[in-house]
Structure formats: structure tokens, C-alpha cells
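# Structural features, examined
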Amino acid sequence: MRATGLRAMHRAVASMTLHSGTPSGARGQRCVRSAASAAAAPATENAPKPIYLKDYAKPQYAFAKVDLDFALGEASTAVKSTIRVEPQSANAGDLFLHGDESVELVQIMVDGGAFTSYKRSPKGITLSGLPQSAFELVIETRIKPQENTALEGLYKSGKNFCTQCEAEGFRRITFYQDRPDVMSIFTTKITADKAKYPVLLSNGNLIDSGDAGDGKHFTVWEDPWAKPAYLFALVAGELGMIEDKFTTMTGKNVTLRIFVEEHNLDKCEHAMTSLIKSMKWDEDVFGLEYDLELFNIVAVDDFNMGAMENKSLNIFNSRLVLATPESATDADYAAIEGVVAHEYFHNYTGNRVTCRDWFQLSLKEGLTVYRDQEFSADMNSRGVKRIGDVARLRMSQFPQDNGPMAHPIRPESYIKMDNFYTVTIYEKGAEVVRMYETLLGKDGFRKGMDLYFERHDGQAVTTEDFFNAMCDANGADLSSFKPWYSQAGTPNVTVDGSYDAAAKTFTLKCSQNVPKTPGQDTKIPVMCPIAVGLVGPDGKDMELTMDGASHGTTAVLRFDQAEATYTFTGVAAKPVPSILRNFSAPVKLTTNLTEDDLVFLMANDSDAFNRWEAGQTLLRGLCLNLIKSGEPFTMPASITDAMRKILSGAKAPDADKAFIARAMMVPGEGELSEFLEQGTVDPAAVYAARKFVMTTLATELRADLEATVAANSAAKYSNEPADRAARTLKNACIGYLSYLDAPEIAAMTYERFAAADNMTDKISCLSALSGKDCPERVTALDEFYAAWKHDPLVMNKWLGIQSGSSLPNNIANVKALMKSSAFDIKNPNKVYSLIGGLCGSSVNFHAADGSGYEFLADVVIQLDDLNGQVASRMVSAFTRWKKYEPTRSAAMKAQLERILAKPGLSENVFEIVSKSLD
Ligand code: PHE
Ligand code: ZN
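Remember, it's a predicted structure, so these values are computed and weren't measured experimentally.

## A closer look at the overall build of the protein chain
When you go through the protein chain residue by residue, the secondary structure sums to 25 helices and 33 strands. Compactness check: the protein chain gives a C-alpha radius of gyration of 27 Å against a globular reference of 29 Å for 918 residues, within 12% of the reference. In terms of principal-axis extent, the alpha carbons of the protein chain reach across some 85 × 70 × 60 Å. Accessible surface for the protein chain amounts to roughly 32,800 Å². Of this, 51% is attributable to carbon and sulfur atoms.

## Observations concerning the packing of aromatic side chains
For the coordinates displayed, the defined rule picks out 36 aromatic pairs. With centroids separated by 6.2 Å and ring planes inclined at 65°, the aromatic side chains of Y344 and F345 adopt a geometry described as edge-to-face. This pair shows no difference in class: Y344 is buried, exactly as F345 is. When the centroid spacing of 5.1 Å and the interplanar angle of 50° are considered together, the rings of F633 and F692 count as tilted. In this pair, F633 sits in the loop between α9 (608–629) and α10 (637–648) while F692 sits in helix α13 (residues 683–700), placing the two residues 59 residues apart along the sequence. Ring-pair connections join several aromatic residues into one group, and the members of that group are W281, F286, Y290, F295, Y344, F345, Y370, F375 and F445. Here the basic side chain of R611 rests over the ring of F659, its NZ or CZ set 4.9 Å away from the ring centre. Above the ring of F753, the side-chain terminus of K762 is found at 4.7 Å from the ring centroid.

## Some words on the sheet that holds strand β14 (residues 205–213)
Strand order in the open sheet formed by 8 strands is β6-β5-β9-β3-β2-β12-β15-β14, and the pairing between neighbours is mixed. Across the chains shown, the open sheet's two edge strands, defined by having one partner strand only, are β6 (113–114) and β14. As defined by bridge partners, strand β12 (residues 184–193) adjoins strand β15 (residues 216–227) across 9 bridges and the pair is classed as antiparallel. When the sheet's bridge partners are listed, K189 is paired in β15 with V220.

## Considering the nonpolar core
If you look at the biggest cluster of nonpolar residues, it comprises 285 residues, and the most contacted ones within it are L137 and F481. If one sorts the elements of this core by residue count, helix α5 (residues 423–456) sits on top with 15 residues. Apart from the residues lying within four places of it in its own chain, the contact partners of L137 are S81, T82, I83, V85, L95, L97, I108, M109, V110 and L127.

## Quick notes on the site of ligand 1
Within the structure, ligand 1 sits among 14 residues, and E166, E309, E343, E365 and Y426 are positioned closest to it. Contact distances for ligand 1 include 3.4 Å between an oxygen atom and a side-chain N or O atom of H346. Y426 places a polar side-chain atom, nitrogen or oxygen, 2.6 Å from an oxygen atom of ligand 1. Summarising the interface, the protein chains cover 98% of the accessible area of ligand 1, which totals 320 Å² for the free molecule. Among the residues forming the shell around ligand 1, the class breakdown is 5 nonpolar, 3 polar and 6 charged.

## Remarks on the coordination of the zinc ion (ligand 2)
Octahedral metal centres with six donors ideally show angles of 90 or 180 degrees, and tetrahedral centres with four donors ideally show 109.5 degrees. For the zinc ion (ligand 2), the full set of protein donor atoms is H342 (NE2), H346 (NE2), E365 (OE) and E365 (OE), at a range of 1.9 to 2.8 Å. Bound by 6 donor atoms, the zinc ion (ligand 2) shows angles of 48 to 160° at the metal and therefore irregular coordination geometry. In primary-sequence terms, the residues that donate to the zinc ion (ligand 2) follow H-x3-H-x18-E. By the burial criterion, H342 is buried, and H346 matches it.

## A closer look at the side chain of Q397
For Q397, the location among the structural elements is in helix α4 (residues 382–401). A distance of 3.0 Å separates the side chain of Q397 from the side chain of T424, its partner in a polar contact. For Q397, the residues in contact, after removing those within four places along its chain, are R392, V423, T424, K428 and T490.

## Observations concerning the state of the cysteines
Tallying each qualifying case throughout the model produces 0 disulfides. Just so you know, C623 is unpaired, no disulfide at all, and the nearest cysteine sulfur is the one on C733, 18 Å from it. When its relative accessible area of 0% is taken as the criterion, C623 is described as buried. Of all cysteine sulfurs, the one in C774 lies closest to C765, which takes part in no disulfide; the gap is 12 Å.

## Comments concerning the pattern of salt bridges
This structure, assessed with the given rule, holds 56 salt bridges. The closest approach of N and O atoms between E374 and K442, which form a salt bridge, is 3.3 Å. Of the two residues, E374 sits in helix α3 (residues 361–379) while K442 sits in helix α5, which places them 68 residues apart along the sequence. Using a relative accessible area of 5% as the deciding quantity, one classes E374 as buried. A salt bridge links K482 to E464, with the nearest nitrogen and oxygen atoms 2.9 Å apart. On the criterion of sequence distance, the pair formed by K482 in the loop between α6 (463–474) and α7 (483–486) and E464 in helix α6 is long-range, its members being 18 residues apart. Under the relative-accessibility criterion, K482 is labelled partly exposed at 33%. On the basis of relative accessibility, which here comes to 34%, the residue E464 falls in the partly exposed class. Overlapping salt bridges, with partners in common, bring together E374, D378, R382, R434, E437 and K442 in one network.

## A look at the packing of helix α20 (residues 811–819) against helix α22 (residues 851–864)
At a closest axis distance of 11 Å, the pairing of α20 and α22 adopts a crossing angle of 20°. On the basis of their axis angle, the class for α20 and α22 is roughly parallel. The segment α20 lies against α22, with I811, V814, K815 and M818 engaging S851, G852, F855, V859 and Q862. Split into classes, the residues belonging to the contact of α20 with α22 amount to 5 nonpolar, 3 polar and 1 charged.

Rules of the game
Residues numbered from 1 in each chain as written. Chains lettered and ligands numbered in written order. Predicted model: local features only at pLDDT ≥ 70, side-chain atom pairs only at ≥ 80, totals over all residues. Heavy atoms only, no water. Helix = DSSP H or I, 4+ residues; strand = E, 2+ residues; numbered from the N terminus. Rg over C-alpha atoms; globule rule 2.2 N^0.38 Å. Areas by Shrake-Rupley, 256 points an atom, 1.4 Å probe, with all protein chains shown as cover. Phe/Tyr/Trp six-rings, centres within 6.5 Å; stacked < 30°, edge-to-face > 60°. Buried < 20%, exposed > 50% of the residue type's maximum accessible area, 1.4 Å probe, protein only. Lys NZ or Arg CZ within 6 Å of the ring centre and 35° of its normal. Pairing = 2+ DSSP bridges. Core = buried A, V, L, I, M, F, W, Y, C linked by side-chain atoms within 4.5 Å. Contact = heavy atoms within 4.5 Å. Near = heavy atom within 4 Å. Polar contact = N/O pair within 3.5 Å; in protein donor to acceptor, adjacent residues only side chain to side chain. Nonpolar A, V, L, I, M, F, W, Y, C, P; charged D, E, K, R; others polar. Donors = N, O, S within 2.8 Å, 3.2 Å for Na, K, Ca; no water. Tetrahedral: all angles 85-135°; square planar, octahedral: opposite > 155°, others 65-115°. Disulfide = S-S within 2.5 Å. Salt bridge = Lys/Arg side-chain N within 4 Å of Asp/Glu carboxyl O. Axes fitted to C-alpha atoms, helices over the stretch in contact; angles between N-to-C directions. Parallel < 35°, antiparallel > 145°, perpendicular 65-115°, else oblique.

Here it is in C-alpha cells:
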């Protein structure tokens, strides 16, 4: 999930538009949801029941081997599953197999004879009186992929068949122990119409194929690696393919294929390049070599999430594969690179070593996000990548951690596992993995990874196993680190520095507290690695000494008490401390740094992240003061000067322009509202304050902004990093200028829109125009539509730009767009773009008359019958209702209650809504 306008929905639904031309546009690629909860559901009689970690019990039956046989048909599909079952003890008892109500059971056979000693229930089937030693179980079922709008299990996307089995989709195909600790060797036979489905794919190696008579053909695939059912995949359709190859570190040849609809074949090159880079990187950095001779990627248009790591047959949302400079933005390119890598990296972290149960999801997701972040950092600018990742964490994970859906990275309960593909599991999970690296060093971290694979290859394990491997490989005692797995909530850390000129010491006084979260009233201190430097008056890092030991220029404090004091000695002159370098722990930091200190760090800190952070701290403080003061807005000259200085840095020959673009960004409305008192947030006021800051800066820096736009306008598109960075900066400046109410700016933006030779520039200009009530806006939208109406992915951008607009009374426009041919409520990308885009608008979603809320609830109710996952992702925009001022909060609550009253509400939506109302 990684949730773009949708990525993974990493971000809050509220920030789900894909269209941003700013540097933040890359987020969200895996489609991770930004809301979910571990709190208990209300004890209504028929309410869905939660599943608890504490109830985990080992499976009593192993599945040594599974043969699947699919006969794909137009009306229905027949599935025959032949399983070699091995009881794990003499009295293994009943065997429970998961199975969805939509699956028709045809027959069951045990060791060749009909078997009738079973009981079917809504969630599966219980077999009793089974043989006490190994036996063969055959289950025949019939399913209707054509009617499957949930996009889980076997379904049709366009004319093609495909599957999605994580987390619990395999039970929509057949009856099975659909749990990740049941690992088996799968063989898959697929039979289908030859003309309609020339391509038939599954996991592993192709071992047989041929004609099946009657216009049909078949393939047989064998996957030699034992795997849980959630990694099973099947694809059948009419698809074109590009092929490349990779030679591994030990000289083995791997064939790489990307399958897409024929007309998209020219859009796969970037995904292929990304795959090859990922394979090489995993060898270089972790010594991990691909383990089969074939690696396939298939792109499908209808997909709930970002992409899926099925063994050797990754299935992707097409928006994370297809790209040309004309049709995809730089942010799309970055997302594709990151997600292709992410899914490939799962081959070891997820597939070879998998999760014991779904409570361990962060074992594979947190670790794999950390790995894809590191990969992208190595391929691009490390500092800018880190800034983007932290910005996303703050924008969507911090709010989740502070709301009714707060849950630890290893949750204790869930109703619907789909709801736990969250920014907490993914992004906070990645931060937790990163902290091992910070504490143990790069080499120590690698040693831990090596031991993890040495111990657990081929197993289904827990986060505790990962923790133990890290500790044991390094002889480290990290017991105070463990609460990161069990405690929800973002720790508040305060660090106050003081200089003693006489003693030549610098002392840091640290304190921490973890706030209460639903179901967790008491918390204990947790180990926070705090990376600090002392920047001397000359702007250079000082050499650090503490307790007689040298710490180089950045010391990592292992802060694991409620309070602690650290003293550096031999500090010759008063420094400015640079605290939490590289964001060394996912905490909310408060310091006693002054405005002057922050300006100094902006100019001098050797740590790119903290250089950026110093500016953000200043801007955040400014915006919050404006929001809270109730006085007419005024702008301190110091901030304008600081911003002017940042911008003028772009003229330096070695300027990091992508960094400058980042540094110019004013914290978003969502981030700002997190700092306001619960029950008081007025989105209109937050919007107005931020708009004032942007408009004032644009007014005062207009000449500099225009000069920067001019200096960074390339005559021709290029994908070189320096050109990309210049483009990012230029478009950030155009975004600023769009705040000016000047017709010549709208005219300039339109001209640039019309002349743009790449999607990044086009979308940035369209975005800049989208909030303006000017003729250029209408013309540009119409022209864009005419040029791109044939391309659904580009149309998603067009939908998102319009629905995210701050033009007043935009809901009518969104309603009209829902009726247009560019929209289809059954396609998740379109819902994320159009509906998710609206949810990001302070003006329209949060319209004071409640019309935005009512509209969203209508859509959720409609979606609920079609696709519970997508519906629950959309309903998540309501979860923080308590944060808002009384009128809005009551209006949101009323809509949640209306949704809860819908008969036959899906478990997905029930879980989010009931926990929100709790
Ligand atoms: N495991 C996928 C990933 O993060 C996400 C996913 C989960 C996709 C569930 C589909 C369904 O890479
Ligand atoms: Zn993943």
C-alpha cells in the first residue's frame, strides 16, 4: 500500500489525491490505510467478533503439498484442491478450514472416498473423525469470479482473471487453513479458453502446458518454495509482455517479465529498470540472491492496494507499473521505483521468512518498507528521501496514533485484518526497524539480518524472533526497546540543552512520556535513540566527548528512562545542539531552541534532515500562533527573510534543489491541526492561517519566485536527477505563485500548462490553476480531458485535481464527476482519486453546513455493498471526528451513526465505525 493520491493510502484518506506536483506527491504508493484500531468493538449481539493475539494456537495439521486445479469459465470456475494432510499429533482433533460464504462446496473426499463428516458455518467448515496419520484431502468448489466486486480471492479485472489472497482472500477460492503459519508446496493447473486467455500464469516454474481440447489450453506451475496461501497467485488473460534478464551474484540467469495489456507495452521500461536495480541492490547490501529462474510482474487496473508480493508472480495496481514522461509524474516514477523494489524485497522479508500470524504483519511490512526506503535513498538523494518519509509519517501516522484507531505495530486484536494494513504497521514499523540500525550501526544491523535468515529461513515467525536475532547477533541488551512493539501512541520527548561556560560542558536534559491510547492507560518509557550533534559558532560540528569516551560528531543517546541527563565535556564554546538528527526516533520532540538557534541550524546543520526540520519548526510555530491568537494575521520579517535565503540558495552551482523545494514547504493543514486542542479544530481557520502564510510569502518573494521559475525551466524534458530536482523546485515556486490573485500569474500558469512536454509540469500547472476561479482553469481542465480521456490512469489525476480543489461549493462538481464516464465506483483507483481527493479538502469536505460529510457517508453506504475494503478506507476520513469543533464533530458523528445503522454493514466498515464511535 503503498496507499499516491492513493499510495497506499499511506496517508490519511484526507490526503489521498494523486495529483500533487509538489515534492510530497510521491507518497502513498503501497496503499496502506491510515486508520485502523485495536480497541474492542461494542458488545452488540450480532456484532462481528474480534480475533486476539493471545488466542494464538499452533495448527494441528500440516499441509505438506497442495495441488490446485482451476477450470476457468465464463459463468463460474471449478476449483479442485488436493492436499497432503499431516496430523501433528495422534489426537489432532477436528480440522477447521476457512471458507467464505460465497464458495459453493461441491464435494469432499478423504483418501479417495466421499467424506461427509463435516459442518459448515459462516466462516468455514469443520471436518471431524479424520484419519490419525497422513491422508489425502480433496475439496471441490465452485466460485463466481465475474461477480466478485470485493477484488479479493479470484476476480476479473477487465477481461482478465487475477487473484488477491493477502490477507484472507484464499478462503474465497476454496476451503483451506488460510493462515500464514501453514506453509505448503503448491502446484497449480489452469485450464481456460485459449483465445480469450492466451496467458495462464501462477507461482514458480512452468512444468507443463498444452492443448485441452474444445478450444481450451492449460498450463501447470510448480512452486518449489513452501509458502502460505496468501502468497498464492493466478493470472489468466490476453496480455502483452516485455522481457529482460538478470544474472545473479552466483551467475544464475533469471528471466524477468512484465505483463500488461498490449497497448501499454511501451510504458513498462521504468518498472523493469527498477526491478533490475532492486535485485542488484539486495545482493550488494544484504547478500540476498533471487531464488527462481523466473520473475513475473502483472499489472491490473482493478486492485484494492498498491501491489502484492505473490511468490515470483507479483501483481500490481497498474498505476505502479505504467509510466512514460508524458503520462506519469516524477512522483509516479519514484513511487514505481520504490514499490517495485518493495515487492521484490518481500521475496526474502515476507516470503522466505513469513509471519506466524497476522498480528506479526509489521515483521514483514515494517522491515520491507525500511528496505525500500534505503534502496530509494541509495538510488536518489538520501536526505530528501528521509525528509519525505518523515513528512508522511507525521502527516498520516501521527494522527492515527493519536486517535481512536491507535494501535501498536504489533496489534493485540482485530475484526477484519484488511483494516490493519495501516501507516502504523508500515511506516512506524519501518521507523522501529531503522532504530535498530541507529543503535547497532550499519554493520551490526547486517549481522542481525544475517542471523535472522540463518535461523528462520523457511519459517513463519514473530517480531520477537526478529528482535532476538538483532540482539543476539550483536550481543546487545535492548530490552527497553521492546515496548515499541506493544505500546501505541507517539512518545513525547523533551530535550533542553544548557551550556556551562566555566565548566566547558553542554548538558542535555531529556524527558519522555507516552500518551494514553484506547485500551492502554498506562505506559512505560521506551528506548529512544537520540542522535545529537553540537554545532559550534563557526557552523562546524564539534568533536563530542562524554564520560571520557569520544563519540565523533554525532552521538546516539540511548534514552530509555522517564528522565535522564547527558553531559558533553570539553565544549570550548557555546554550541547550538542539533537534536534527533535524521529523525532517529519516531517521537514528537520539544526543545528549548530559540528562533535564532533554529535559523542558525537551517543554515549550518550538517544533518540535512535537521536543516529542514529547523525551518519546519519555525513555520509550524508561526502557523500555530496565527491560528490560536485570534488577532489579525501578521508575518514576522524574520521568517520571510529565512525563506528568501533558502530560495536564494538555489542559485549556488551545487544547490540541492529538491531539498530547497522541500524546505520551502509550509506544514500542511493536517499536520498543523494535530497540534491543536482536541475538540477545537476549525478546518476553515487552519486553512485561512496557512493560506495567509503562503500568500504573504508569495507576495513578498514574488520576484525571487519568478526568477527561480525562469532559471529552472528546461527547454526539454530529461529524467536526469538534476533536471528532476530543478523541475521540483520550479513547480514548488509555481505552486507558491498560484496564491497570488493576479491574472497574469494564471495566464503564465496556463501557458506553461499548454507548453509542457511532460506530465509533472502539466499536473503542477493544472493543480496550481485548480483552486482559482478563472477561465484558464476551465480551459485547462477541458483540454486535459480531451487529450487524455483514453488513459484511465491520467484520468484519475484529472478527477483528483478537481475534487481536491478549494473552490467553494465543489461538491456539486464532484457529484457530476461521479456520473461522468471517467468515473467507475467499482474501480478503487477512481474512488481513491475522486472521493479521497474531496476528503483532503478543508474547504469542501469540512464545509460548515455538513454537506461534505453527508456526501461521503452516502458514498460509503453505496460502496459497502460492493467492496468493504475500499468502503472502510473511505470511511476512515471520519475517524478523527472528536478533534473538530462541536458543530463539525457532531455532524461527522451523525454520519458515522447513520452508516452504522445500515443493514448488512460489512465487517470492514463496522470495525472502523464502531471503534470511532467508542
Ligand atoms: N503485502 C502488500 C505489500 O505491502 C500489500 C497488500 C496487502 C496488497 C493486502 C494487497 C492486499 O506489499
Ligand atoms: Zn509490503
